[in-house]
Every structure is written in structure tokens, then in C-alpha cells.
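# Chain and residue survey
Here is what each chain is made of, one letter per residue.
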Amino acid sequence: MTESSLVISESTPAEAFGKLSHPVRVEILQTLATLETPCSFGELRSASSIDDPGQFNYHIRTLDGTFVNNTDEGYALSVAGHRLVGAVRSGVATERFEANQFSLGGSCHSCDGTLVASFDDRTIEVVCDDCTAVHTEASLPPGSLVGSSPDSVATTIDRWCKRMMADAEHGICPNCSDDLNRRVVIPADKDAPDWLTGDELEATVLYNCEHCGERFQSVLQYALLTHPAVISTYYEVGIDLRDRLNWEIPGIDPTSADVVATDPLAVAVPFTINGIRYQFVVNRSLKLLETRSG
Ligand SMILES: [Zn+2]
Ligand SMILES: [Zn+2]
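Residues numbered from 1 in each chain as written. Chains lettered and ligands numbered in written order. Predicted model: local features only at pLDDT ≥ 70, side-chain atom pairs only at ≥ 80, totals over all residues.

If you tally the helices and strands in the protein chain, you get 9 helices and 13 strands. Overall, the protein chain is about 75 × 50 × 40 Å in size when its C-alpha atoms are taken along their principal axes. Evaluated residue by residue, the protein chain yields a buried proportion of 21% over its 294 residues. In the protein chain, 44% of the contacts between residues at least 6 apart in sequence involve partners at least 24 apart. (Helix = DSSP H or I, 4+ residues; strand = E, 2+ residues; numbered from the N terminus. Buried ≥ 20, exposed ≤ 12 C-beta atoms within 10 Å, placed from the backbone. Contact = placed C-beta atoms within 7 Å.)

Structure representation (C-alpha cells):
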């Protein structure tokens, strides 16, 4: 089987998304997501706000085969329809965060100061109110916080970040599901971002997807929290990383990493676990080269 035979293009993006150009069609998809499917034409129409059967029939025929599957059993969302409803529900195109800041509880790794969640319209940062260190920055969709209480915000931000890192560990772009590149970058690299050369970090991890342009970065410690060597070292002393907010995991100083060789690159990433200082030495692609302890 050749690579080109795996995927066949059925339409252009403009043709497919052009089918959503009438508000009734988006409503039909949202309605289908709430029904037991496959459902009949009558069930679908009576659950929607369109009275005219002819109009309704026209709109659903437009969606059929792309966002809706119409079989002998009735109507249901297609895979594309489910994804579209997910995008609608996430609020990414229709909602924004209200600019806000509130205390999260917990304390800063660097100075023991108070951590706050700081919102602008599109991102949330977990920052230290005292030393201003940024512990986490997340571009989670606003819909993920609809109905959340301030108490649950920390968990929501954390699980979003954990999910991003889990995707990255498997080389999957969290935005488009294509391949995600991941590499360790130091300030001396020709293509190091400007902010890194002016930062106190010795190294960072950059992620990018050439397919959709997704880009993000992580300190090395957080990037290594998906590595089995780190997970098991914590687990052996009774700490299940799944139960801890990333910024509350003991033994992490996110600003600390030592470049031990540059050609090829090797970076020692320290963790202090149960009083023992470990250094996980990784290469450019975050592969573990060596574990030092003591
Ligand atoms: Zn601080
Ligand atoms: Zn992508």
C-alpha cells in the first residue's frame, strides 16, 4: 500500500465548511448530539426549532455525507459532525475568559509565595503573586471552564496541561492530531527564541506542528513528567503524579537545568525526590541518556 492510497481527498475545506453557512445546519448538528441516535427525520425535526419540513429536509440533505450520516436506521452525527460539535461546545470561537485573577492555593516553588490564576481573554497563567514566576500557561478553550467553581479551576488547568504533555510524549499534535516535533533548545542555539536568550532558563523544550502551526513550550521538568523513569521514581516513594497538580509536585525547581554537553547536547534535569537529588540527563530529543542520584 502506498502512502497516497491511505487518504483520499473528498472535497476542499471551503466546500466542506461552506455547508455550515446556515445557522440551522449548526443547530441540527448540536441537536443530533443531544439525541439518542440513529434517530428518525421526525424525531430530529421535532427536537429542533424549524417547523417547515421542506426547509428542514433541504438543510439536512446538505449536511448528509459530511457532517451527518443518514442510514436505514436514521440520522446520526458522522465523525466530522462529532468533531464540529466538540469545537462548538469548547467555546473556542464564541467565548472568552473574563479578565480576572484569583488565588489558587498552593505555593511557589521558588519563593513559597501565593499562586494565582491570571486570566486574559484567551489564556490562563498560573503565576506567583510574590516573585511573578510563571508556573504554567494554558490556552484551554473557554468552554472547559463553563460551570467551574474557582476551587475546580486549578484541576481543570492542570489536566489540560497534562493532556498536552501526554499528546506530546506520543508525538501527536493536540490541535490537529498530525505529527508534533519536540526538541530541547538552549540559548546558544542559532534558532533559539529571543525570550529564551533573555531568560534565566538554561534550556527549554519547544514543540511545533508543521501541519497546523501549533507551537508551545515547556520547562524540562514538566516535559519529563511523562517519562517512566521519573514517574516510577516518584511512585516508589508513594507519590502518584496523576494525583498532584504539576505545580504542587515536590522536588521540582522549574528554572533549574544544567547543560552538561553541547555537541551533542546533553542536559541534566534535577528533581529532589524524598530527599535524594536525581539528575535525569536527556539529549536533544528528550531521550533519557543517564540517571544520576545522590
Ligand atoms: Zn514565587
Ligand atoms: Zn497540528
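Past the structure itself, the notes keep going.
Another point: the packing of helix α2 (residues 23-34) against helix α4 (residues 53-63). Each pair of packed helices can be described by the angle between their axes along with the distance between the axes. It is at 10 Å that the axes of α2 and α4 come closest, and there the two elements cross at 75 degrees. As the angle between them shows, α2 and α4 are arranged roughly perpendicular. Residues V24, R25 and I28 of α2 pack against H59, I60, T62 and L63 of α4. In terms of residue class, the contact of α2 with α4 is built from 4 nonpolar, 2 polar and 1 charged. (Axes fitted to C-alpha atoms, helices over the stretch in contact; angles between N-to-C directions. Parallel < 35°, antiparallel > 145°, perpendicular 65-115°, else oblique. Nonpolar A, V, L, I, M, F, W, Y, C, P; charged D, E, K, R; others polar.)

Take unusual backbone geometry next. Backbone phi values are negative for most residues with the exception of glycine, while trans is the configuration of most peptide bonds. The peptide bond linking T37 to P38 adopts the cis configuration, its omega dihedral lying at 0 degrees. Position of P38 relative to the elements: it lies in the loop between α2 and α3 (41-46). Across the junction of D263 and P264, the peptide omega takes the value 0 degrees, indicating a cis bond. Position of P264 among the secondary structure elements: in the loop between β10 (258-262) and β11 (265-273). Its identity as a non-glycine residue notwithstanding, T132 has a phi of 65 degrees, on the positive side. By the secondary structure assignment, T132 is in the loop between β5 (124-128) and β6 (134-138).

Residues V126, I157, L220, L224, V267, V269 and F280 are the most contacted members of the largest nonpolar core, which totals 39 residues. Within the residue set of this core, elements represented by two or more residues are β4 (114-119), β5, α6 (150-169), β8 (204-208), α8 (220-224), α9 (228-236), β11 and β12 (276-282). The element best represented in this core is α6, accounting for 5 residues. In this structure, I157 is in contact with A117, I124, V126, T136, A138 and L140, ignoring residues within four places of it in sequence. Grouped together as the second largest cluster of nonpolar side chains are 11 residues, L32, F67, Y75 and L77 included. (Core = buried A, V, L, I, M, F, W, Y, C linked by C-beta atoms within 7 Å.)

In the sheet, β8 pairs with strand β9 (residues 215-218) via 4 bridges, with the strands oriented antiparallel. Within the sheet, the bridge partner assigned to L206 lies in β9 and is Q217. The turn linking β8 back onto β9 is made up of 6 residues, and G213 within it adopts a positive phi angle of 85 degrees. (Pairing = 2+ DSSP bridges.)

Here we take up the sheet that holds strand β3 (residues 100-107). Strand order in this open sheet of 4 strands is β3-β4-β5-β6, and the pairing throughout is antiparallel. Two strands in the sheet have a free side with no partner beyond their single neighbour: β3 and β6. When strand polarity is set aside, the average angle formed by the axes of neighbouring strands in this sheet is 20 degrees. In this sheet, β6 lies alongside β5 in antiparallel orientation, the contact comprising 4 bridges. Residue pairing across strands places V126 opposite T136, the latter belonging to β6. Where α6 meets the sheet, it contacts β3, β4, β5 and β6, and its direction lies at approximately 80 degrees from that of β6.

Now for the environment of D64. One can find D64 in the loop between α4 and β1 (68-71). Taking the C-beta count within 10 Å as the criterion, D64 has 14 such neighbours and is therefore assigned partly exposed. With 195 residues separating them in the primary sequence, D64 and V259 have C-alpha atoms 56 Å apart.

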